[in-house]
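# What the coordinates show
If you want the building blocks of each chain, they are given just below.
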There are 2 protein chains.
Amino acid sequence: MNETPSSPGFQPLDREGLVQTVAKMLSKAIVTGQLAPGARLSESVVARELGVSRAPVREAARLLESSGLVTYEPNRGFFVRQVSAKAIADLYEFRIVIELAAVKRLIRTWNDDIHAALSAQLAEINRVATDDFDMLTQVEADLQFHRLLCSGSGNPKFLTVFDQIATETEFSIMVIGRLYDDPDRLAKTHEPVLEALCSGDETQAVDAMQYHIGEAQRLVTEQFRILEEGKTPQ
Amino acid sequence: MNETPSSPGFQPLDREGLVQTVAKMLSKAIVTGQLAPGARLSESVVARELGVSRAPVREAARLLESSGLVTYEPNRGFFVRQVSAKAIADLYEFRIVIELAAVKRLIRTWNDDIHAALSAQLAEINRVATDDFDMLTQVEADLQFHRLLCSGSGNPKFLTVFDQIATETEFSIMVIGRLYDDPDRLAKTHEPVLEALCSGDETQAVDAMQYHIGEAQRLVTEQFRILEEGKTPQ
DNA sequence: GTCAAGTAAATTGTCGACAATCGTCAAAAT
DNA sequence: ATTTTGACGATTGTCGACAATTTACTTGAC
């Protein structure tokens, strides 16, 4: 390895292109609700607003499309995605399929590094699982745990697909605006997953995982139903 | 709408954007091997070659990236993806996860339309499963059958993800250049899947499906190993 | 009043040009 | 001889402008 001996710990310095920056801005704006679902995402407006050209905005929007945050209609442009009850149900059903398979695979590739990373993330989840932290922080800590599960599975496909649906999950939850009255409750269901993984018991790990995501699905679906009822009392 | 009343069967006249056209061109060029794996995909060259600007080429390349046909390195551009033995193994392992789940779900939404579509596609598979047709035709007929399974599952996520990995599957097979000596053999393993679905037996359907994809994986992996040995005899 | 056609404004689709960045290779220093 | 530095060529990154398309509005006929 060619490395200057006297070099201090210089990190790669990000160097993320303008597209990534714009994509991140838009993501945040959509997830935090500044851009309402169904709203048109005008290239010109966003470009003017951010002080950049339309080209990087367009590319960023295409990136967001593959994350399921916006939809694209030819010759009409990009729109912030509408979330339906079925879409949320489908999303969580799909997550169960992916992440259960990832966990099954993870058991075979289990090692101390993964163990350490998951333990640390679990601690982080519990740390932010109080009303002192906002929901976005809690959700991101939660999803990061799941991301580590996919990342450690050894099959990159799981991570790729998870990243695509993670943002969508975050979006769905933020649309609801309020996930649980007791933030600590759902957070606690992570622990059995890690314990089962440590013990190497596949059946137990899968069960714990299924319960955890299922519980999350139940909460999200419930809250979304309440939200819809309040919106269209008819 | 300005349309002549006596107008005969005019098809929608493509109306798919230039981007889609370019993407299709590139797809074909990559899948048929005109662009070797690892080759740089110069925007300027492609644009000049097709007589269009760089913008649509760039967008098309981004589309291909999400299909796994090309990779993208910031400030360096797009490259035709290299396929490794592990990548192929990972791909098929992932397909098994997705399509098994899709089949399980399909049983619950089973109806005559889906039955008819699958039967027709099965007939098509058998029709082209001879040496009279080229491999690309055979592979596409095969994948279309699988696509129908995902499409009919009722959860759009399965279809979205399948479409992403279908092109990659096609690519992997075409790289190998020769899948099987007896085209009819693998084709025949589709039938038990359809039969099991008709009978509504989930266990049987999953078994048949797992056998079918597993068999395909075995063949592809084997052929790829042979190809690699021939390439680097060391 | 309703509906259709026509027109104007706004938005996306595409383009060509310039700026920023990367890879290469030669020249200079050690 | 090896390594570093600098400049050059090629490619990507970004931009502003124009063409094509869609949308909204107005006008007119029935």
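Our structure is the block above this text.
In this report, we go over the structure that sits alongside the text.

Cut-offs and rules
- Residues numbered from 1 in each chain as written.
- Chains lettered and ligands numbered in written order.
- Predicted model: local features only at pLDDT ≥ 70, side-chain atom pairs only at ≥ 80, totals over all residues.
- Heavy atoms only, no water.
- Pairing = 2+ DSSP bridges.
- Helix = DSSP H or I, 4+ residues; strand = E, 2+ residues; numbered from the N terminus.
- Contact = heavy atoms within 4.5 Å.
- Axes fitted to C-alpha atoms, helices over the stretch in contact; angles between N-to-C directions.
- Core = buried A, V, L, I, M, F, W, Y, C linked by side-chain atoms within 4.5 Å.
- Buried < 20%, exposed > 50% of the residue type's maximum accessible area, 1.4 Å probe, protein only.
- Near = heavy atom within 4 Å.
- Polar contact = N/O pair within 3.5 Å; in protein donor to acceptor, adjacent residues only side chain to side chain.
- Nonpolar A, V, L, I, M, F, W, Y, C, P; charged D, E, K, R; others polar.
- Expected span 1.5 Å × (residues − 1).
- Parallel < 35°, antiparallel > 145°, perpendicular 65-115°, else oblique.
- Left-handed = near helix turned anticlockwise from the far one by under 90°.
- Buried area = accessible area lost by both parts, 1.4 Å probe.
- Salt bridge = Lys/Arg side-chain N within 4 Å of Asp/Glu carboxyl O.
- Phe/Tyr/Trp six-rings, centres within 6.5 Å; stacked < 30°, edge-to-face > 60°.
- Lys NZ or Arg CZ within 6 Å of the ring centre and 35° of its normal.

## Things to note about the sheet that holds strand E3 (residues 77-80) of chain B
Residues and elements named next belong to chain B. Pairing in this open sheet of 3 strands is antiparallel, and the strands run E1-E3-E2 from one edge to the other. At either end of the open sheet lies a strand with only one pairing partner, and these are strand E1 (40-41) and strand E2 (70-73). Examined bridge by bridge, E2 and E3 share 4 bridges and lie antiparallel to one another. Bridge pairing in E3 links Val70 to Val80. Lying on the sheet, helix H3 (residues 54-66) is in contact with E2 and E3; it crosses E2 at an angle near 115°.

## A few points about the nonpolar core
Ranked by internal contacts, the top residues of the largest apolar core, which has 141 residues, are Leu118 and Leu197 of chain A together with Leu118 and Leu197 of chain B. In this structure, Leu118 of chain B is in contact with Leu106, Trp110, Phe145, Leu148, Leu149, Leu194 and Leu197 of chain B, ignoring residues within four places of it in sequence.

## Examining the protein's contact with DNA strand C
Surrounding DNA strand C, one finds 22 residues, the nearest of these being Arg54, Arg58 and Tyr72 of chain A together with Leu18 and Ser53 of chain B. For DNA strand C, the backbone makes up 72% of the atoms found within 4 Å of the protein, where backbone means sugar plus phosphate. One nitrogen or oxygen atom from the main chain of Glu43 of chain A is found 3.4 Å from a phosphate oxygen belonging to DNA strand C. Note that a phosphate oxygen of DNA strand C is positioned 3.0 Å from one of the backbone N or O atoms of Asn75 of chain A.

## Looking at the packing of helix H1 (residues 18-31) of chain A against helix H7 (residues 156-176) of chain A
Helix-helix packing is described using two parameters, namely the angle between the two axes and the distance between the axes. Residue and element names in this part refer to chain A. H7 packs onto H1 with a crossing angle of 35° between their chain directions and a minimal axis gap of 9 Å. Each of Ser27, Ile30 and Val31 in H1 lies in contact with H7, whose residues at this interface are Thr167, Glu170, Phe171 and Met174. Broken down by class, the residue content of the contact of H1 with H7 amounts to 4 nonpolar, 2 polar and 1 charged.

## Examining unusual backbone geometry
With a phi angle near 65°, Asn75 of chain A is a residue other than glycine that sits in the positive phi range. Within the secondary structure, Asn75 of chain A sits in the loop between strand E2 (70-73) and strand E3 (77-80).

## Re helix H1 (residues 18-31) of chain B
All names here are of chain B. With 14 residues, H1 ought to run about 20 Å at 1.5 Å a step, and its terminal C-alpha atoms sit 20 Å apart, in line with that. Those residues of H1 lying buried are Val19, Val22, Ala23, Leu26, Ser27, Ala29, Ile30 and Val31. One or two positions beyond H1, positive phi appears at Gly33, with a value near 90°.

## A word on the packing of H1 of chain B against H3 of chain B
Residue and element names in this part refer to chain B. Viewed as axis vectors pointing N to C, H1 and H3 meet at an angle of 55°, and their least axial separation amounts to 8 Å. Classified by the angle between their axes, H1 and H3 sit oblique to one another. Both H1 and H3 take part in a crossing whose hand is right-handed. From H1, Leu18, Val19, Gln20, Val22, Ala23, Leu26, Ser27 and Ile30 reach across to H3, where they touch Pro56, Val57, Glu59, Ala60, Leu63 and Leu64. Looking at side-chain class alone, the contact of H1 with H3 contains 11 nonpolar, 2 polar and 1 charged residues.

## A short note on the interface of chain B and chain A
Listed as interface residues are 25 residues of chain B and, on the opposing side, 25 residues of chain A. Around 2,100 Å² of area is buried between chain B and chain A when both sides are counted, 50% of it from carbon and sulfur atoms. Between chain B and chain A we count 12 salt bridges in total. Remark: the boundary between chain B and chain A carries 15 residue pairs in polar contact (both at pLDDT 80 or more). Here the element with the most residues in the side of chain B that touches chain A is helix H4 (residues 85-108) of chain B; it accounts for 10 residues. By residue class, the composition of the side of chain B that touches chain A is 10 nonpolar, 4 polar and 11 charged.

## What about the packing of aromatic side chains?
What the rule picks out here adds up to 4 aromatic pairs over all chains. On the basis of an interplanar angle of 75° and a centroid distance of 5.3 Å, the ring pair of Phe94 of chain A and Phe158 of chain B is categorised as edge-to-face. Placement of Phe94 of chain A in helix H4 (residues 85-108) and of Phe158 of chain B in helix H7 (residues 156-176) is noted, with the two residues assigned to different chains. Judged on exposure class, the residue Phe94 of chain A and its partner Phe158 of chain B are both buried. Positioned above the aromatic ring of Tyr72 of chain A, the side-chain terminus of Arg62 of chain A is 4.6 Å from the ring centre.

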